[in-house]
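Geometric and topological summary
Now for the letters of each chain:
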Amino acid sequence: MHAPIEAVDSPETRGAVIRFDFEAVFRTDYDRITRAIGRVIHDSARAEDLAVETFWRLWKTPQAQGQSAGAWLHRTAVRLALDELRRRERRARYERVLTFLRSPRTPDDLFSAAQEQGRVRTVLAAMPRRHAQLLLLRSNDSSYDDLANALAINVASVGTLLSRAKQAFRKEYVKRYGEP
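Structural notes on the side chain of T76
Note on placement: T76 falls in helix 3 (residues 69-102). Within the structure, T76 has its side chain in polar contact with the backbone oxygen of W72 (distance 2.8 Å).

This is the structure:
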C-alpha cells in the first residue's frame, strides 16, 4: 500500500513540497504490521509492542517516509520479529545454563559427567583428525567461515564435512559404548 503523501505548493517554496501523513500511514498499516509480526513470534501482545516500535522507527527515520514507507515498515517489522525470536532463544539458553549451574550436583552426578567426558575424549581421539577438529571447533560456536579458515577448507564444504564428522562420532561412540 502506498504511503499517504500530499503535495503542497506555496508561493514561498516555488514548487511542490511533499508532506508525509504519518497518522494516515499508522491507521492504514498498523494492523497489517501487527499481524506480520504476530505470525513470526506467535505472541499478540508482544506483536503490538513491536508494531509500535516499528512505527516509532519510521517516525525517527525521515528518509523512509514517502512512497516506499509501506515496504520499509514491513521489512523493519520482520527484522524486529526475527530479533525477538533470537532474543527469546538466547534467554532460554541462558536460563537452561543457569538452572543447571544452580542445581546442586551430587557426587554421582559429578562422576557420571566426568565419565561421559572421558568417553567423548576417547572417541574424539579415535576419529580422523579433521573430523575431531571440526566437531571441537563447532562445539565452541565457531561459524562455518571460521571452520573453513581454521581448517583450510572451502566454506561450501563445511556443512557436508560437519555432517560426516557427526556420523563418524556417533558410529565410533556406539561401537565403543553402545547407544547413549
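Right, picking up where we left off after that structure.
Focus: the nonpolar core
Counting residues in each nonpolar core, the largest one holds 19 residues, and the members touching the most others are I33, I37, F55, L58 and L73. Among the elements of the structure, helix 1 (22-41), helix 2 (44-60) and helix 3 are those that each provide at least two residues to this core. Counting residues in each nonpolar core, the second largest holds 15 residues, with V123, A132, L147 and A165 among its members.

Description of the pattern of salt bridges
One pass over the structure, following the stated rule, counts 15 salt bridges. R91 is the partner of E95 in a salt bridge, and the nearest nitrogen-oxygen pair spans 2.9 Å. Here E95 and its partner R91 are both found in helix 3, four residues apart, which amounts to about one turn of the helix. Of the residues examined, E95 reaches a relative accessible area of 40% and is grouped as partly exposed.

Section: the confidence of the model for the protein chain
A low pLDDT score tells you not to read the predicted coordinates there in detail. Per-chain confidence: the protein chain averages 85 in pLDDT, with 88% of residues scoring 70 or above. No element of the protein chain has a lower mean pLDDT than strand 1 (residues 5-10), at 47, and none a higher one than helix 2, at 94. Note on residues 5-10: pLDDT is under 50 here. Beyond four places in sequence and across chains, it has 15 contacts.

Some remarks on the packing of helix 1 against helix 2
Close contact between helix 1 and helix 2 brings their axes to 8 Å; oriented N to C, the two are set at 135°. By the angle between their directions, the pair helix 1 and helix 2 is classed as oblique. For the crossing formed where helix 1 meets helix 2, the hand is right-handed. Contact residues: helix 1 offers F22, V25, F26, D29, Y30, I33, T34, I37, G38 and I41, while helix 2 offers R46, A47, E48, L50, A51, V52, T54, F55, L58 and W59. For the contact of helix 1 with helix 2, the per-class residue count stands at 14 nonpolar, three polar and three charged.

Observations concerning the packing of aromatic side chains
Taken as a whole, this structure holds seven aromatic pairs when the rule is applied. With a centroid separation of 6.3 Å and an interplanar angle of 85°, the aromatic rings of F22 and F55 are classed as edge-to-face. Separated by 33 residues along the polypeptide, F22 in helix 1 and F55 in helix 2 bring together distant segments of the chain. For the pair formed by F22 and F55, the shared burial category is buried. Ring plane angle 40° and centroid distance 6.3 Å describe the contact between Y30 and F55, whose orientation is recorded as tilted. Of this pair, Y30 sits in helix 1 while F55 sits in helix 2, placing them 25 residues apart in sequence. F55 shares its class with Y30; the two are buried. In textbook terms, an aromatic cluster arises when at least three aromatic residues are bridged by ring pairs, as seen for F22, F26, Y30, F55 and W59.

Rules used throughout
- For every chain, the first residue of its written sequence is number 1, and the numbers climb from 1 along that sequence.
- In keeping with the predicted nature of the model, local features appear solely for residues at pLDDT of at least 70, side-chain atom pairs appear and are counted solely at 80 or more, and the whole-chain, interface and lining totals rest on all residues.
- To get the side-chain values, take all heavy atoms of the structure and skip hydrogens and water.
- Runs of H or I in DSSP of at least four residues are treated as helices and runs of E of at least two as strands, each being numbered from the N terminus.
- Here a polar contact means two N or O atoms within 3.5 Å. Within protein one must be a hydrogen donor candidate and the other an acceptor candidate, and residues neighboring in sequence count only if both atoms are side-chain atoms.
- Take the buried residues of types Ala, Val, Leu, Ile, Met, Phe, Trp, Tyr and Cys, join any two whose side-chain atoms come within 4.5 Å, and each joined set is a nonpolar core.
- Working definition: with a 1.4 Å probe on protein chains only, accessible area under 20% of the residue-type maximum means buried, over 50% means exposed, and in between means partly exposed.
- The salt bridge criterion pairs a side-chain nitrogen of Lys or Arg with a carboxyl oxygen of Asp or Glu, the two atoms within 4 Å.
- Confidence scores per residue from the predictor, reported as pLDDT, run from 0 to 100.
- Residues are treated as being in contact if the distance between any of their heavy atoms lies within 4.5 Å.
- To get an axis, fit a line to the C-alpha atoms, keeping to the stretch in contact for a helix; angles then go from 0 to 180 degrees between the N-to-C directions.
- Here the word oblique covers every angle except those under 35 degrees (roughly parallel), over 145 (roughly antiparallel) and from 65 to 115 (roughly perpendicular).
- When the near helix sits turned anticlockwise from the far one by under a right angle, the crossing is termed left-handed; a clockwise turn instead gives a right-handed crossing.
- Residues are grouped as follows: nonpolar covers Ala, Val, Leu, Ile, Met, Phe, Trp, Tyr, Cys and Pro; charged covers Asp, Glu, Lys and Arg; every other residue, Gly included, is treated as polar.
- Side-chain rings of Phe, Tyr and Trp, where Trp is taken by its six-membered ring, are said to pair if the distance between their centres is within 6.5 Å; with planes under 30 degrees apart they count as stacked, over 60 as edge-to-face, and otherwise as tilted.

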